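Here is how the chains run, residue by residue.
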Amino acid sequence: TIALALGELTITDELIIDGDIDNDGSPDVTIDANLQTRVFNINDGDSATNSSTILVGLIIENGMAQGNISGFGGPGGNILTFENLTVTGSIIRGGDAGYGGGIFVFENDLTISGSTINDNTGGTFGGGIYTGLGAGDLEVVNSTLSGNLVTNYGSGYGGAIYSSPSTASVTITN
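These figures come from a predicted structure and were not determined experimentally. (Residues numbered from 1 in each chain as written. Predicted model: local features only at pLDDT ≥ 70, side-chain atom pairs only at ≥ 80, totals over all residues. Heavy atoms only, no water.)

**A word on the packing of aromatic side chains**
Turning to step 1, where the next piece is worked out: With the rule as written, the count across this model stands at eight aromatic pairs.
Turning to step 2, where the next piece is worked out: A centroid spacing of 4.7 Å and a plane angle of 5 degrees characterise the contact between Phe-104 and Tyr-130, whose relative ring orientation is stacked. Residue Phe-104 is located in strand β12 (residues 103-106), and its partner Tyr-130 is located in strand β16 (residues 129-132); the two are separated by 26 residues in the primary sequence.
Turning to step 3, where the next piece is worked out: By the ring-pair criterion, three or more aromatic residues cluster together here, those being Tyr-99, Phe-104, Phe-125, Tyr-130, Tyr-157 and Tyr-162. (Phe/Tyr/Trp six-rings, centres within 6.5 Å; stacked < 30°, edge-to-face > 60°. Helix = DSSP H or I, 4+ residues; strand = E, 2+ residues; numbered from the N terminus.)

This is how it looks when you write it as structure tokens:
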């Protein structure tokens, strides 16, 4: 287990992180933010390009967006991405953010395959996943989303997934 003590991990270039060390299809590496910080901030700093990050075989847990206290803080508890993101054979759990407790994607594609996104909290939108603000395609394949919720019940939407009207397409298959 990698316990984050000095803040979020920032990814600024195309990257593949493969935590399935023994290649058995199960995550072998855990990254735990202990509700102190977000786990990953993925942003190459250039809105004109769309780089890609691939996360494989990881348990990403207990991330919290800056300024968030179960509801009205920043985006992306476990993962905030401004780039294309593929998550395969991983578990994303226990994240807390104003939007997208598990994953918040901005203006790019998100693909989830063979993964579990569970027990994440979004204050207003997207407990598990939030796609919005010109997001690209969202594809969820052979994955489980469970126990995700929004805490602002009067005006909150999308316990598992909130996809803004600007998202290009949403495909969910098993």
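Okay, back to it.
**Focus on the environment of Gly-158**
Turning to step 1, where the next piece is worked out: Relative to the assigned elements, Gly-158 resides in the loop between β19 (149-150) and β20 (161-163).
Turning to step 2, where the next piece is worked out: Gly-158 sits in the partly exposed class, given a relative accessible area of 24%.
Turning to step 3, where the next piece is worked out: For the pair formed by Gly-158 and Tyr-130, sequence separation is 28 residues and the distance between their alpha carbons is 8.1 Å.
Turning to step 4, where the next piece is worked out: If we ignore the near neighbours within four places in the chain, the residues touching Gly-158 are Phe-125, Gly-126, Gly-127 and Val-150. (Buried < 20%, exposed > 50% of the residue type's maximum accessible area, 1.4 Å probe, protein only. Contact = heavy atoms within 4.5 Å.)

**Comments concerning a negative patch on the surface**
Turning to step 1, where the next piece is worked out: Negative charge collects at one region of the surface, where Asp-18, Asp-22, Asp-24 and Asp-28 lie side by side.
Turning to step 2, where the next piece is worked out: With respect to the helices and strands, Asp-24 occurs in the loop between β3 (15-18) and β4 (29-32). (Patch = residues over 30% accessible without salt bridge, like charges linked within 9 Å, V, L, I, M, F, W, Y side chains within 5 Å. Areas by Shrake-Rupley, 256 points an atom, 1.4 Å probe, with all protein chains shown as cover. Salt bridge = Lys/Arg side-chain N within 4 Å of Asp/Glu carboxyl O. Lys, Arg positive; Asp, Glu negative; His and termini not counted. Charge placed at Lys NZ, Arg CZ, Asp CG, Glu CD.)

**A closer look at unusual backbone geometry**
Turning to step 1, where the next piece is worked out: The residue Asn-23 is not glycine, and still its phi comes out positive at about 55 degrees.
Turning to step 2, where the next piece is worked out: Locating Asn-23 in the fold gives a position in the loop between β3 and β4.
Turning to step 3, where the next piece is worked out: Exposure remark for Asn-23: the relative accessible area of 62% places this residue in the exposed category.
Turning to step 4, where the next piece is worked out: Positive phi, normally seen in glycine, also occurs at Leu-35, with a value near 55 degrees.
Turning to step 5, where the next piece is worked out: Positionally, Leu-35 belongs in the loop between β4 and β5 (40-42).
Turning to step 6, where the next piece is worked out: Among the residues examined, Leu-35 registers a relative accessible area of 39% and is labelled partly exposed.

**Quick look at the environment of Gly-102**
Turning to step 1, where the next piece is worked out: Looking at where Gly-102 falls in the secondary structure, it is placed in the loop between β11 (96-99) and β12.
Turning to step 2, where the next piece is worked out: Residue class for Gly-102 comes out buried when judged on its relative accessible area of 0%.
Turning to step 3, where the next piece is worked out: On a C-alpha basis, the gap between Gly-102 and Ile-79 in space is 6.3 Å, while along the polypeptide they are 23 residues apart.
Turning to step 4, where the next piece is worked out: If sequence neighbours within four positions are ignored, Gly-102 has contacts with Asn-78, Ile-79, Ile-92, Asn-120, Gly-127 and Gly-128.

**Let's talk about the nonpolar core**
Turning to step 1, where the next piece is worked out: Within the largest apolar cluster, 23 residues are counted, with the highest numbers of intra-cluster contacts made by Phe-40, Ile-79 and Ile-103.
Turning to step 2, where the next piece is worked out: For this core, the secondary-structure elements that each account for two or more residues are β4, β5, β7 (58-61), β9 (84-88), β12, β13 (110-113) and β17 (137-141).
Turning to step 3, where the next piece is worked out: Those residues in contact with Ile-103 that lie beyond four places of it in its chain are Ile-79, Leu-85, Val-87, Ile-92, Leu-110, Ile-112, Ile-117, Gly-128, Ile-129 and Tyr-130.
Turning to step 4, where the next piece is worked out: One finds Leu-80, Phe-104, Tyr-130 and Tyr-162 within the second-largest nonpolar core, a separate group that totals five residues. (Core = buried A, V, L, I, M, F, W, Y, C linked by side-chain atoms within 4.5 Å.)

**Some words on the pattern of salt bridges**
Turning to step 1, where the next piece is worked out: Taken as a whole and judged by the stated rule, the model has two salt bridges.
Turning to step 2, where the next piece is worked out: Glu-8 serves as the salt-bridge partner of Arg-38, at 2.8 Å between the closest nitrogen and oxygen. In this pair, Arg-38 sits in the loop between β4 and β5 while Glu-8 sits in the loop between β1 (2-3) and β2 (9-11), placing the two residues 30 residues apart along the sequence.
Turning to step 3, where the next piece is worked out: What makes Arg-38 buried here is its relative accessible area of 8%.
Turning to step 4, where the next piece is worked out: With its nearest N and O atoms 2.7 Å apart, the salt bridge here joins Glu-61 to Arg-93. On the criterion of sequence distance, the pair formed by Glu-61 in strand β7 and Arg-93 in strand β10 (residues 91-93) is long-range, its members being 32 residues apart.

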